[in-house]
Amino acid sequence: VSALVSARRVSPGDLVGRYAIFFVLALVLLAAVLVSDAFLQPTYIGNMLRQVAPVGIAAIGVTFVMILGGVDLSVGAVISLTSVLCAVFMNGDPANMPVAIALACLAGLTIGVANGFAVAFTRASPFILTLGTGIMVLGLTQIYSGGTARGIVSPGFREFFNARIGGVLPVLAVAFLLLAALGLAIQRYTLFGRYLFLIGSNPRAAYLSGLPVAQVTVAAYGLSGLFGAIGGLALLARSGVSNTLSGQGFEFQVLAAVVLGGTTFQGGRGGIGGTVAGALVLVMAFNLVIISGLPYHLQLVVMGAIIILASAAYGRLGGMSG
Amino acid sequence: MALAAAGSRRAFESYAIWLLLAVTMTAAAGGIPAFRHPENIANLLRQSSVLGLLAVGQTFVIAAGMIDLSVGVVAGLVVVLSCWILAAGVAPEIVVLAGMLALGTGIGVFNGFLLNLLRIHPLILTFGMLSVIQGLIFTLTDRSIGRASPLLQDLANGSMLGVPQAALLLLAVVVVFHIVLTRTRFGHHLLAVGGNAESARRAGINVSRVRLACFAVSGFCAALGGLLLAGRLGTGYPLAGSGLELDAIVAVVLGGTALSGGRASIVGAIGGVLVLAIISNALNLLEVSAFVQMFVKGAIVVAAILVNQPRSEP
C-alpha cells in the first residue's frame, strides 16, 4: 500500500496542491499583520483558534467523508441538535455533565451512521441525501426545543473551556488542536485511513479488490456525525447558552474549510492538516472583513467565492484526474 | 426480455407521479373537508405556481445532468430587489420587471460561464453561488424592505374567470418549455448531453453552450418565480426564497426526471409540485406544527432521493 501511495505522490501538480494551503495561510497571515498588528498577539491568536473551534472540529469529520468521495451537509443541523440536547440534559447541574455529553455524542454518531448506511447501500447522491437528513434533524431539533432556547448549561462548563492556559491559550483552542491531532493520526496511521484514500480515488477498483467499502463508508459518516456532535459541544462551551438554531449555515463554513484545505469533492485527495489550515485561513479572512469595516454579511460572499475558487484551483492542479 | 422489462419499468416511472398525485389528493379531499373548499384549491394553485416555475427551470438543468442549488436565493434576490426598487419608484414598472428577468437570466448565464471556465462540479459551483447571493441579500438588507406593486400583487393573488392568474402564468410557461424540451433541436441536444456528455460532444454538439443555456433557463424561471413570490408576500423579505431549491429538486425527481440526466418530464415535475403542495396544505389544515412539517419535508427529500437512484454501474 505504501508503495502505491508514494508512486501517486510523484506528480508535481499533486505536490503543489498538497502544500498550497500552507502558502495561502502564510500569505493571509502576512496580509493580516499588515492590516493590524493584533494578529501577532498570542491572546488574539488564541481567540481566533477558540472562535474557529466548532467549525474546525466538525470539518475534521467531514474531511474523512470527503476523502472517501462523499460529503456531509447535515453537520450544521447536527451541531444545533447536539448543543440543545446537551444543554437540556445538563439542566444547570454539574453532576449531569458526563451523561449530557455522552448523549450528545451518541446522537451525532447515530445520525452519522444512518447517513452512512443510506450512502453505502444505495447509489443516492450524498449531497442531496445529507441536505435532506439535515432538514429532518433541524425539524427534530425544533420539535425538541419548542423553537426557543431550551436547557441550562452546567456551571463550570463554559468557564473551564474558556480558561486560558498560561493566560494565553483557551482550553477550547487546545481541545481543537488535540482533536485535529487525533484526526491526523487516524488518517495517517490506521488501516481505516488508508482505505479512505484508496476507496476515494477509485471506488470501483477498491470494491473489486475486496476492500470493505460499505463498512468504511458507514464508519466515515459515523465519525462525521460524532465530530459534528463534538463541534456542537464546542459551540455550547464557547457561547455558554443554548440556542435552537445555533448551527444554522455552519455546513457552508465547514465545506469551505475542507475544500480550501485541498480535500476535493472528487475524493481520494487532501487530509486533516489541510483542513485545519483551511479553517484558520477562513477565520482570519472573516476577521479581516470585520476589521476592514466591511458589512458583516460579506462573510457569506467571501465564503461562497472561496468554495468555488478553491475547488477550481485544486481541480486544475490535479489535472482533473482526481 | 430485459429490454421489455426496462421499457415497462420506465413506463411505470412516468406514471408513478400521477398515481402518487391521485392518492394524496384522494386522501386529502376524503380526510379533510376544508381541503375541498374552492377557495382552498385556488390558494393551493397559487402556492404551487412559484415552486412550479422554479421546477420547470430545474428540470432543464437536471435533464442535462447537472443541478442548480442557487434558484432559491435568485428568487429571494428578485423578491427583495423588485420590492425595494418598485417602492422607491425610480423606474417605470415594466422596466423593473424586465430588469429582474434579465438579472435572473444573467445570473444563470454567469453560472454556466463559470461552470465552463472553471470545470467544477455544478453542485459545488451553485452551492458556492447560494452562499454568495445570500450574503449579497443580507448585505442589502436584513429586514423586509419595500412593497410589491399592485400589478404584481394582482398577478399573484387575483383570478381570471375563476382560475388563479398565477396558475395560468405557470401553465403558459409549462407549455412553452415543454415544447422547447420535446420538440426543438436544443431540447434533443440537452437530453443527449445529460445522457452522455462525451458521446454528445463527439456527435458534434456544443456541450458548453447547451449547459450555459440550461442555466440561463433556470435563472429566468427563478426570477419569474421571484416576481410571483414578491406579489404573494407583498414585501421584500430577505429569506423569501431560502430552501425553495430543494423543494424544486424534489418535485423534479418525484416527476420522473432522472438525477443522472438524460430523461426529463416538465409535466411530471408539475405533478411533483402539486404533490408537495397538497401535503403541505393538508398538514396546515390539520394544524400540524411548522417544526413537524420541516421534519416531514426532510423525510420526503430523503425518500425521493432513495427511490430515484441511477441504475447503471458507477
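See the structure shown above.
All figures in this text were calculated on a predicted structure; none of them were measured in a lab. (Residues numbered from 1 in each chain as written. Chains lettered and ligands numbered in written order. Predicted model: local features only at pLDDT ≥ 70, side-chain atom pairs only at ≥ 80, totals over all residues. Heavy atoms only, no water.)

### Here we look at unusual backbone geometry
All names here are of chain B.
Moving on, step 1. With phi around 55 degrees, Arg119 is a residue other than glycine that occupies positive phi space.
Moving on, step 2. Inspection of the secondary structure puts Arg119 in the loop between α4 (93-118) and α5 (122-140).
Moving on, step 3. The phi dihedral of Leu161 is positive, around 55 degrees, even though this residue is not glycine.
Moving on, step 4. Among the secondary structure elements, Leu161 is positioned in the loop between β1 (159-160) and β2 (163-164). (Helix = DSSP H or I, 4+ residues; strand = E, 2+ residues; numbered from the N terminus.)

### Comments concerning the pattern of salt bridges
Side-chain pairs of opposite charge can arise where the charged atoms are in close proximity.
Residue and element names in this part refer to chain B.
Moving on, step 1. Summed over all chains, the structure comprises 5 salt bridges over all chains.
Moving on, step 2. Taking the shortest distance from any N to any O, the salt bridge between Glu198 and Arg202 comes out at 2.9 Å. Taken together, the residues span about one helical turn, with Glu198 and Arg202 both in helix α9 (residues 197-202) at a distance of 4 residues.
Moving on, step 3. On the basis of relative accessible area, Glu198 is assigned to the partly exposed category, the value being 35%.
Moving on, step 4. Between Asp247 and Lys297 there is a salt bridge whose closest N-O contact spans 3.7 Å. Taken together, the residues Asp247 in helix α11 (residues 244-254) and Lys297 in helix α13 (residues 290-307) connect sequence positions 50 residues apart.
Moving on, step 5. Here Asp247 falls in the buried class, since its relative accessible area comes to 14%.
Moving on, step 6. Looking at Lys297, the relative accessible area reads 32%, which means it is partly exposed. (Salt bridge = Lys/Arg side-chain N within 4 Å of Asp/Glu carboxyl O. Buried < 20%, exposed > 50% of the residue type's maximum accessible area, 1.4 Å probe, protein only.)

### With respect to a nonpolar patch on the surface
Residue and element names in this part refer to chain B.
Moving on, step 1. Taken together, the side chains of Met160, Leu161, Val163, Leu168, Leu171, Val175 and Ile179 make up a nonpolar region of the molecular surface, amounting to roughly 660 Å² of accessible area.
Moving on, step 2. Looking at the nonpolar patch element by element, the count peaks at 4 residues for helix α7 (residues 165-183).
Moving on, step 3. Position of Leu171 among the secondary structure elements: in helix α7. (Patch = residues over 30% accessible without salt bridge, like charges linked within 9 Å, V, L, I, M, F, W, Y side chains within 5 Å. Areas by Shrake-Rupley, 256 points an atom, 1.4 Å probe, with all protein chains shown as cover.)

### Overview of the side chain of Gln165(B)
Residues and elements named next belong to chain B.
Moving on, step 1. Mapped onto the secondary structure, Gln165 falls in helix α7.
Moving on, step 2. For Gln165, a relative accessible area of 16% puts it in the buried group.
Moving on, step 3. Non-local contacts of Gln165, meaning those with residues more than four positions away in its chain, are made with Asp154, Leu155, Gly158, Ser159 and Met160. (Contact = heavy atoms within 4.5 Å.)

### A look at the interface of chain B and chain A
Moving on, step 1. Between chain B and chain A, the contact holds 39 residues from the first and 39 residues from the second.
Moving on, step 2. Roughly 3600 Å² of surface becomes buried between chain B and chain A when both sides are summed, with 82% attributable to carbon and sulfur atoms.
Moving on, step 3. Summed over the three residues of chain B that lose the most area to chain A, namely Ile124(B), Phe127(B) and Phe291(B), the buried surface amounts to 19% of that side.
Moving on, step 4. At the junction of chain B and chain A, the tally comes to 0 salt bridges.
Moving on, step 5. On the surface where chain B and chain A come into contact, there are 1 residue pair in polar contact (both at pLDDT 80 or more).
Moving on, step 6. Counting residues per element, the ones that place at least two in the side of chain B that touches chain A are α4, α5, α11 and α13 of chain B. (Buried area = accessible area lost by both parts, 1.4 Å probe. Polar contact = N/O pair within 3.5 Å; in protein donor to acceptor, adjacent residues only side chain to side chain.)

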